[in-house]
Amino acid sequence: MESGDISVEIVELPLENPTSESLAKVDTGDNNEVARCSSNASFQRTQRPFQRQSSLLKVKTKSRLMDHTAGKFVEEEEEEGQLVKEDLPQVMKKERKSLWVLLQWVGFILMSPALISSLTLPSLRMKNLWILELWKWEILVLVVLSGRLISGWIVRIIVFFIEMNFLLSKRVLYFVYALRNIVKNSLWMVMILIVWQYLIGKKVVKETNSNLVRLVAKVLVCVVVSLMVWLVKTLLVKVLASSFHKSTYFDRILDSLFNQYVIEALSGPPKNQKIEEEGKGIVGSGKIRKSLQDKTSTLFCLASRKEDKKSWGISIDELHQMNPKNISAWNMKRLMNIIQHDPLSTLDKQIEDGKSTKIKTELEAKNVAKRIFENVAKLGFGNIDLEDIERFMGEDEALTTISLFENGSESKKISKLAVKNWVVNAFRERRALSLTLNDTKTAVERLHRVVNVLVIIIIAVINLLILGITTGKVFLVVITQVLVLAFIFGDTLKAIFQPIIFIFITHSFDVGDRCQIDGVQMVVEEIGILNTIFLGHDNEKIIIANSVLASKAICNFYLSPDMGDEIEFCVPIATPVEKIDMMEQKILSSIKNNKKHWYPETEVVCKDIEDSNNLRFKVSLKHRMNYQDIKERGKRRSHLLHEITNILRELEII
């Protein structure tokens, strides 16, 4: 760095052992400190009393993947209402009462008797009002005031017939509910258009030749067409979003929920201390229903969204039966809500005071792992075996559970360290999945806004054509100019739509995934519609445009299977062949004895002769993990290097 350069660095606290005398701490008043470092003391200035500190120095960027943000699950009210256990939510079966609904009922109650009287009484049947029969005007007023109420009844009838078909109800009801308002409005406008066109408009135009009546008819047609286009747009967005979530996150969500079930089951009491009732624990309820008569309780799994709201969990049996082909959109929404809004929780304290213990940091996850091990393992034993787990769950679930832990499938035993690593990894996965779903929701909403703009433009053009304001020739000229502008701003349009394809179709990574791009390893922190934020090895934030990422080769360690590794070292060329053979056997034996870290398929070969006096050997081996946890990979590699060094010293090769 040249003498004239100045560097400013924001340092995460706590700031330990400052080594440079040029570091200065600035207290911002909210426990945030900023360290400023200058390479040239001549550039330091004295702070004047009237000078205000820059607000930038008070802002401290934090990573969402760190513990201080862990567990802050967004408590949002869904736009589509609270989701409960049934495929058809209660909010669909029970309409909200509002002033507008009350006015519709008042209009319906007042106009219905008037219309019946006009149709049945001869004196009123032939009565005219402005060249039209009175009953026609009454029908128009009834449709205008209460048409939306009638359209709601039509929607309910449609839902009733859909419910009669079980398979159809699981596929369609979610979208019917999501589109219910726009469907009601569309039916309402269609009824008004039909009444105006066939009962009012024809005779009025024939008698008066009024252009105003024709204009009203055209406006009604514009409204109906606009609502229909908007309905198709909303339906397509809902279908595509549901399909994307189902195909991309279904397996990860089920794995995370099963991990939640395992944590709560192993942290709670054994099966023989629970009530034997129909069904098993419910995933997502987070409550212990106690029986005062026999002082026992039934286990329910996964914390609820709010303590005071009705349980909306999913039973573990339902969880086992779900697959991407049979899951409904409602159930998929429920699974996503559990992941987004509920952190991991345990049942050890929940049994005592009825409140679940939330896991919000990695330290809490380690403490939970310690309590689980003490709760499950036999007194005085250093491992958990299959019989211990079967005391808390069924045999099939116990076999699946033991395979989740390190080396559990082979040895059928789980060490205390394996429990700690698994609980911490389950917490990290849950946190990353929650952030991923939140980012995906934000991206879908922003994409929806872009589509809204395009649809509004299309609706405006269609309405202009219907009203006759724009002719076909003028429209053709406008289209030509738009194509010219598209050619000029083609790169900008590409930069907008290419990220959309990259996020929703290519989808190379999720939040928390460790990736390697252009030889640089980074962790995905946040996914936006245009940019993605990565964290470097020193937690520096790296922002890369998605349009750039779309053209890059991306290595995703999280999605990779168990990965291989290589270690190279040199021995003197004068080393006897017997010692080299013994060295190879000891290295292979050391790796095979450590089955929980390495696969037994290992190869030790002499790779090359170096500087005419050394033999370069290469050890090719395979981890029982991928490189998502890069620190664990470094620990295992370092341990093996120490083993190889000790072998070389033992054989007096070095």
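Each value, and the rule that gives it
- Residues numbered from 1 in each chain as written.
- Predicted model: local features only at pLDDT ≥ 70, side-chain atom pairs only at ≥ 80, totals over all residues.
- Heavy atoms only, no water.
- Helix = DSSP H or I, 4+ residues; strand = E, 2+ residues; numbered from the N terminus.
- Buried < 20%, exposed > 50% of the residue type's maximum accessible area, 1.4 Å probe, protein only.
- Polar contact = N/O pair within 3.5 Å; in protein donor to acceptor, adjacent residues only side chain to side chain.
- Contact = heavy atoms within 4.5 Å.
- Pairing = 2+ DSSP bridges.
- Axes fitted to C-alpha atoms, helices over the stretch in contact; angles between N-to-C directions.
- Expected span 1.5 Å × (residues − 1).
- Arc of directions from axis to C-beta.
- Parallel < 35°, antiparallel > 145°, perpendicular 65-115°, else oblique.
- Left-handed = near helix turned anticlockwise from the far one by under 90°.
- Nonpolar A, V, L, I, M, F, W, Y, C, P; charged D, E, K, R; others polar.
- 1 Å grid on protein atoms, 1.4 Å probe; cavity = no way out; pocket = protein on both sides within 12 Å on 5 of 7 lines; lining within 4 Å.
- Points joined across faces, edges and corners; volume = space filled by probe spheres on them.
- Core = buried A, V, L, I, M, F, W, Y, C linked by side-chain atoms within 4.5 Å.
- pLDDT = per-residue confidence, 0-100.

Engineer: Lay out the side chain of Arg148 in plain terms, naming residues and giving numbers.
Structural biologist: Here Arg148 lies in helix 4 (residues 134-164). With relative accessibility at 18%, the residue Arg148 sits in the buried group. A distance of 3.5 Å separates polar atoms of two side chains, one belonging to Arg148 and the other to Asn181. Not counting residues up to four positions away in its chain, the partners in contact with Arg148 are Trp100, Gln104, Asn181, Lys184, Asn185 and Trp188.

Engineer: Could you give me a rundown of the sheet that holds strand 15 (residues 531-535), with the residues and numbers involved?
Structural biologist: Neighbouring strands of a sheet are bound in pairs by backbone hydrogen bonds; such pairs are parallel or else antiparallel. One open sheet accounts for 5 strands, arranged 16-15-14-13-17; its pairing is antiparallel. This sheet does not close on itself; its edge strands, each paired only once, are strand 16 (541-545) and strand 17 (554-556). Along the sheet, successive strands turn relative to each other by an average axial angle of 40 degrees, direction set aside. Summarising the sheet, strand 13 (residues 514-517) and strand 17 pair through 3 bridges and their orientation is antiparallel. Paired with Gln516 across the two strands is Cys555, which belongs to strand 17.

Engineer: Run through helix 11 (residues 362-376), naming residues and quoting values.
Structural biologist: Compared with the 21 Å implied by 1.5 Å per residue over 15 residues, the 21 Å span of helix 11 between its first and last C-alpha is a close match. Of the positions making up helix 11, those classed as buried are Glu362, Ala365, Val368, Ala369, Ile372, Phe373 and Val376. All buried residues of helix 11 lie within an arc of 140 degrees about the axis, which places them on one face of the element. In helix 11, the exposed positions angled more than 90 degrees off the buried face are occupied by Leu363 and Glu374.

Engineer: Give a description of the packing of helix 15 (residues 416-467) against helix 17 (residues 490-506) that names residues and reports values.
Structural biologist: Following both chains from N to C, one finds helix 15 and helix 17 inclined at 140 degrees, their axes separated by 12 Å at the closest point. Taken together, the axes of helix 15 and helix 17 are oblique relative to one another. By crossing handedness, the relation of helix 15 to helix 17 is classed as left-handed. The residues of helix 17 that touch helix 15, namely those facing Ala443, Val444, Leu447 and Leu454, are Phe497, Ile500 and Phe504. Residues that form the contact of helix 15 with helix 17 fall into these classes: 7 nonpolar, no polar and no charged.

Engineer: I'd like a description of empty space enclosed by the protein, backed by residues and values.
Structural biologist: One pass over the full model with this rule turns up 3 cavities of 30 Å³ or more. In this model, the largest cavity occupies a volume close to 110 Å³. Around the largest cavity sit Phe244, Tyr249, Thr436, Asp439, Thr440, Ala443, Phe502, Ile503, His507, Ser508, Phe509 and Ile527, which together line it. Elements represented by at least two residues in the lining of the largest cavity include exactly helix 7 (211-267), helix 15 and helix 17. Top element by residues in the lining of the largest cavity is helix 15. It accounts for 4 residues. Of the residues belonging to the lining of the largest cavity, the class tally is 7 nonpolar, 4 polar and 1 charged.

Engineer: Explain the nonpolar core to me, and be specific about the residues and the numbers.
Structural biologist: The biggest cluster of nonpolar side chains holds 71 residues, and the ones touching the most others in it are Ile253, Leu335 and Val419. Top element by residues in this core is helix 7. It accounts for 13 residues. Among all residues touching Ile253, those that are not within four sequence positions of it are Met332, Leu335, Met336, Ile339, Leu433 and Leu437. Grouped together as the second largest cluster of nonpolar side chains are 22 residues, Leu132, Leu142, Val143 and Met189 included.

Engineer: Requested: an account of the confidence of the model for the protein chain, with residues and values cited.
Structural biologist: A low pLDDT score tells you not to read the predicted coordinates there in detail. Here the protein chain averages 75 in pLDDT, while 74% of its residues score no lower than 70. Here residues 69-93 is modelled with pLDDT under 50, and outside its nearest four sequence neighbours on either side it reaches 73 contacts, counting other chains as well. When the criterion is pLDDT under 50, residues 350-354 qualifies, and its contacts beyond four places in sequence or with other chains add up to 12 contacts.

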